[in-house]
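One letter stands for each residue in the lines below.
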Amino acid sequence: MPRSTRILLLDGPEGRMAELAGRMRELGYSVLRAKTPEEALVLLENPAWSVRAVVVPPDPPVADLPGALRALRERSRDPLVFLVEGPRPDDAGRDALREAGVALALYTPYDDAVLRFQMNRALDAEAPGPRRRGRRVPCGAAATVAVGGRVKDARVYSLGPHGAFLETARPTLRRARVELGIPRVLGEVMLPAQVVSTNVPGNLSRRNLPHGMAVEFEAVPADAAEALERYLWEREQALAI
């Protein structure tokens, strides 16, 4: 029987990650919580599940963070990706996290699009299979989708230079051509795009994605490409350790 995938929260005795654990469970993730690195080691050794991501606070309850995370890596059956969750630390704090091997950030406040995106990055980091073309960032901006003379609203879950994933309860059929507007990012520009996949309720639904559709841009004018690049850079900086 395959082991179920879990995300481990290194919480501390105050239980500050209780709210995060609740949000993650609502999004469909299975979560474990540990108050100390010793408790975390016990959870990692349980053969019933596979832990591939560990979330730590900016001020973890350990004296030697590099040593604690190294011990978790050595005892884990699976490659681990470490994320920090909480207020953005100062430069020295971020340097310490990087040196300890923390790779991804969830700086408060953040919405569910960022939470889901960063958790998926952590869980997919060592997964085999093809990678999408180009980089992506979480977005959360409102969007409009025009198709066949009709316009419907959507929300941009993730965005890249070549395409986007749109959260919507009414995705357009695969291979359909649409025009996508993202006013917060592109102003009044509408980008022609093609629907390349959908995620809808049912047995084949991907739980790690919102319901909606992935689109690939067919043409991006120079001004829009510059606006996209600027937005991607700003979002990457906001999520950088």
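Quick note: structure is the one above.
Please read all numbers here as calculations on a predicted model, not as lab measurements.

Undergrad: Describe the side chain of N120, naming the residues involved and giving the relevant values.
TA: Tracing the backbone shows N120 in helix α5 (residues 112–124). When neighbours within four sequence positions are excluded, N120 is seen to be in contact with Y29, Y157, N208 and L209.

Undergrad: I'd like a description of the layout of surface pockets, backed by residues and values.
TA: By volume, the second largest pocket amounts to about 300 Å³. Lining the second largest pocket are 13 residues; nearest its centre among them are T5, G28, Y29, L123 and N208. Those elements that place two or more of their residues in the lining of the second largest pocket are β1 (4–10) and α5. No other element matches α5, which puts 3 residues into the lining of the second largest pocket. Classifying every residue of the lining of the second largest pocket by side-chain character gives 4 nonpolar, 5 polar and 4 charged.

Undergrad: Which residues make up the packing of aromatic side chains, and what values go with them?
TA: A full pass over the atoms with the stated rule returns 2 aromatic pairs. Taking the centre distance of 6.1 Å and the plane angle of 90° together, the rings of Y157 and F165 count as edge-to-face. Each member of the pair, Y157 together with F165, is buried. Ring pairing ties together the aromatic residues F117, Y157 and F165, which thus form one cluster.

Undergrad: So what about the sheet that holds strand β2 (residues 31–34)? Which residues, and what values?
TA: Strand order in the open sheet formed by 5 strands is β2-β1-β3-β4-β5, and the pairing between neighbours is parallel. Each edge of the open sheet is held by one strand with a lone partner, namely β2 and β5 (102–107). Neighbour to neighbour, the strand axes of the sheet diverge by 30° on average, direction disregarded. The sheet contacts of helix α3 (residues 65–75) involve β3 (49–56), β4 (81–86) and β5, and relative to β4 the element is tilted by about 140°.

Undergrad: Give me the nonpolar core: which residues, what numbers.
TA: For soluble globular proteins, nonpolar side chains are generally found buried alongside one another. Counting residues in each nonpolar core, the largest one holds 26 residues, and the members touching the most others are L159, L166, L180, I182, V215 and F217. Looking at which element gives the most residues to this core, the answer is helix α7 (residues 222–239), with 5 residues. Aside from chain neighbours lying at most four places away, what touches L180 is A143, T144, V145, A164, L166, V189, M190, L191, V215 and F217. Among the nonpolar cores identified, the runner-up in size contains 24 residues, and A34, W49, V54 and L97 belong to it.

Undergrad: Any chance you could break down α5 for me, citing the residues and the numbers?
TA: Every α-helical turn comprises 3.6 residues, leaving residues that sit three or four positions apart pointing alike. Relative to the 18 Å expected for 13 residues at 1.5 Å per residue, α5 spans 18 Å between its end C-alpha atoms, a close match to the ideal helical length. In terms of residue burial, α5 counts as a mostly covered element, since 10 of its 13 residues are buried. Three or more residues of α5 are buried, namely A113, V114, L115, R116, F117, Q118, M119, N120, A122 and L123. For α5, the side-chain oxygen to backbone nitrogen distance between the N-cap and A113 is 3.2 Å, and the N-cap itself is D111.

Undergrad: Mind laying out unusual backbone geometry, listing which residues take part and the relevant values?
TA: In this model, T108 is joined to P109 through a cis peptide bond whose omega is -5°. Here P109 shows up in the loop between β5 and α5. At R175, a position not held by glycine, the phi torsion is positive, near 80°. Within the secondary structure, R175 is located in the loop between β9 (163–167) and β10 (177–181).

Rules used throughout
Residues numbered from 1 in each chain as written. Predicted model: local features only at pLDDT ≥ 70, side-chain atom pairs only at ≥ 80, totals over all residues. Heavy atoms only, no water. Helix = DSSP H or I, 4+ residues; strand = E, 2+ residues; numbered from the N terminus. Contact = heavy atoms within 4.5 Å. 1 Å grid on protein atoms, 1.4 Å probe; cavity = no way out; pocket = protein on both sides within 12 Å on 5 of 7 lines; lining within 4 Å. Points joined across faces, edges and corners; volume = space filled by probe spheres on them. Nonpolar A, V, L, I, M, F, W, Y, C, P; charged D, E, K, R; others polar. Phe/Tyr/Trp six-rings, centres within 6.5 Å; stacked < 30°, edge-to-face > 60°. Buried < 20%, exposed > 50% of the residue type's maximum accessible area, 1.4 Å probe, protein only. Pairing = 2+ DSSP bridges. Axes fitted to C-alpha atoms, helices over the stretch in contact; angles between N-to-C directions. Core = buried A, V, L, I, M, F, W, Y, C linked by side-chain atoms within 4.5 Å. Expected span 1.5 Å × (residues − 1). Polar contact = N/O pair within 3.5 Å; in protein donor to acceptor, adjacent residues only side chain to side chain.

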